[in-house]
Amino acid sequence: MKTKILLNGVGRIGKAILKIILENKNFEIIAINEINPYLENIVYSINHDSTYGNISDKFKVIQNNFIENSNNKIKVLNHKNLNEIDLSNIDIIIDASGVKEDINLLKNLPVKAIFLTHPSSLADINIILGVNEQNLDVNIHKIISTSSCNATALLPALKIIDDKYEILCGDIVTIHPLLNHQRVLDGNFVSSQTRDVEYNFEFGRSSTQNIIPNKTTTISACSYVLGKINHELISSSSLRVPTDTVGVINVTLMTKKECSKDEIIELFEKYEKNQKFPIVLNNYEPLVSSDFKKENKTTIIDHRYTDVKNNHMIKIIVWYDNEWGYASKVVEILDYYKSIKKG
Ligand SMILES: NC(=O)c1ccc[n+]([C@@H]2O[C@H](COP(=O)([O-])OP(=O)(O)OC[C@H]3O[C@@H](n4cnc5c(N)ncnc54)[C@H](O)[C@@H]3O)[C@@H](O)[C@H]2O)c1
């Protein structure tokens, strides 16, 4: 039987999740909740997408706040808070609104699980595939964070290296596409209910004319999943760039055990061949960011730049589609959740 889902928030991530789930036979989106009150506008933005193109089986608005295409009929709700919604027909909520809900309110909602598309130290568990999915216990974990796009890309790579060579310290720089809370032209910083961007003056500057430096939550997000990878071990910074999707992380690591460039390449090659989930992709071609658009593997190691100095300092470059790739991982985590039997 299909698991019935309420999707909260259909912005960049919500829409990607919606489109991936429409192709998945295990799940059915029964309802969407969106604070945007304009149904026609919601349908328009599902049908037409500047980044991923138009969908062929287009939705239209029908009576009683439903939208439908040839195979799906979805109720669209317009509530600010999840506890205002009748959830009697819903198994699982995917919250892609980014709103930092009161965790106790979420725990009391009458559904089996709530998946948050942002890292949360208050969630019952933060999951990244390839790192800690085996810790997921459907009997005790109700609020499940699927972490962030950056951490989803980075942490599997760090774990692969740490398991064999033991990371002593390191540094990452994420180069990230612009996001919806930024401005097109210079203006006031944009306050956001869903992002920690208040008083970040740089995000009030034109997103299309600048490389915007800022702090990143990537390492905190990693630490919620794997305690060892934290701010004591790894320093971090981020550069926001004027592209629509696909990020890249420059990673530098010092290891306790000796290694060589060939060994690092072999390590990732072996991982890709044996992996249980589609995580690692090894690239040797002269590709650019848009070539990785819509790629569902999220730890794409660009071995043109893999290097080792003095047998202990590793450099790798990791590509990932922060929207489609991340949304694919959310749905793969849902599939994994569904595959675990209740004890
Ligand atoms: N964009 C990315 O690259 C990315 C990647 C991974 C995770 N995330 C996370 O996913 C979440 C959403 O990010 P996004 O980029 O899709 O943002 P977005 O602004 O494009 O979308 C958010 C959507 O949620 C809706 N919304 C806001 N408040 C709501 C409420 N109270 N109830 C229902 N809907 C509400 C907004 O109207 C909007 O449509 C954030 O937590 C973000 O950190 C984003």
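What counts and how
- Residues numbered from 1 in each chain as written.
- Predicted model: local features only at pLDDT ≥ 70, side-chain atom pairs only at ≥ 80, totals over all residues.
- Heavy atoms only, no water.
- Pairing = 2+ DSSP bridges.
- Helix = DSSP H or I, 4+ residues; strand = E, 2+ residues; numbered from the N terminus.
- UniProt positions renumbered as here; feature names shortened; annotations may be inferred.
- Contact = heavy atoms within 4.5 Å.
- Polar contact = N/O pair within 3.5 Å; in protein donor to acceptor, adjacent residues only side chain to side chain.
- Buried < 20%, exposed > 50% of the residue type's maximum accessible area, 1.4 Å probe, protein only.

Now for the sheet that holds strand S6 (residues 92-95). The strand order across the open sheet formed by nine strands is S3-S4-S5-S2-S1-S6-S7-S9-S8, and the pairing between neighbours is mixed. At either end of the open sheet lies a strand with only one pairing partner, and these are strand S3 (60-62) and strand S8 (125-126). Here S3 runs beside strand S4 (residues 66-68); their pairing, made up of three bridges, is antiparallel. In the strand pairing of S4, Ile62 is matched with Phe66.

With that out of the way, let us pick up the UniProt feature "binding site: NAD(+)" (unreviewed entry) in the protein chain. Mapped onto the present numbering, the UniProt feature "binding site: NAD(+)" (unreviewed entry) falls on Arg12, Ile13, Thr117 and Asn322. The annotated residues occupy 311 residues of the chain but converge on a single region, no pair of C-alpha atoms lying more than 11.8 Å apart. With respect to the helices and strands, the residue Arg12 is situated in helix H1 (residues 12-21). Once residues lying within four places of it in the same chain are set aside, the contact partners of Arg12 are Asp49, Thr51, Tyr52, Asn180 and Glu323. Side-chain polar atoms of Arg12 contact the side chain of Asp49, separated by 2.9 Å. By secondary structure assignment, the location of Asn322 is in the loop between strand S17 (313-320) and helix H7 (324-339). Once residues lying within four places of it in the same chain are set aside, the contact partners of Asn322 are Ile13, Cys149, His176, Pro177, Thr245, Val246 and Gly247. Polar contacts involving the side chain of Asn322 include one to the main-chain amide nitrogen of Val246, which spans 2.8 Å.

What follows covers the UniProt feature "active site" (unreviewed entry) in the protein chain. On the UniProt side, "active site" (unreviewed entry) is annotated at positions that read Cys149 here. Tracing the sequence through the fold places Cys149 in helix H4 (residues 149-165).

Those residues of helix H2 (residues 39-47) not exposed but buried are Leu39, Ile42, Val43, Ser45, Ile46 and Asn47. The inward-facing, buried residues of H2 contact H1, strand S2 (27-33), S3, S4 and strand S5 (73-77).

Its place among the elements puts Asn33 in strand S2. With relative accessibility at 2%, the residue Asn33 sits in the buried group. For Asn33, the side chain forms a polar contact with the main-chain nitrogen of His79, separated by 2.8 Å. Setting aside its immediate chain neighbours within four residues, Asn33 contacts Leu6, Leu7, Asn8, Gly9, Leu77, Asn78, His79 and Ile85.

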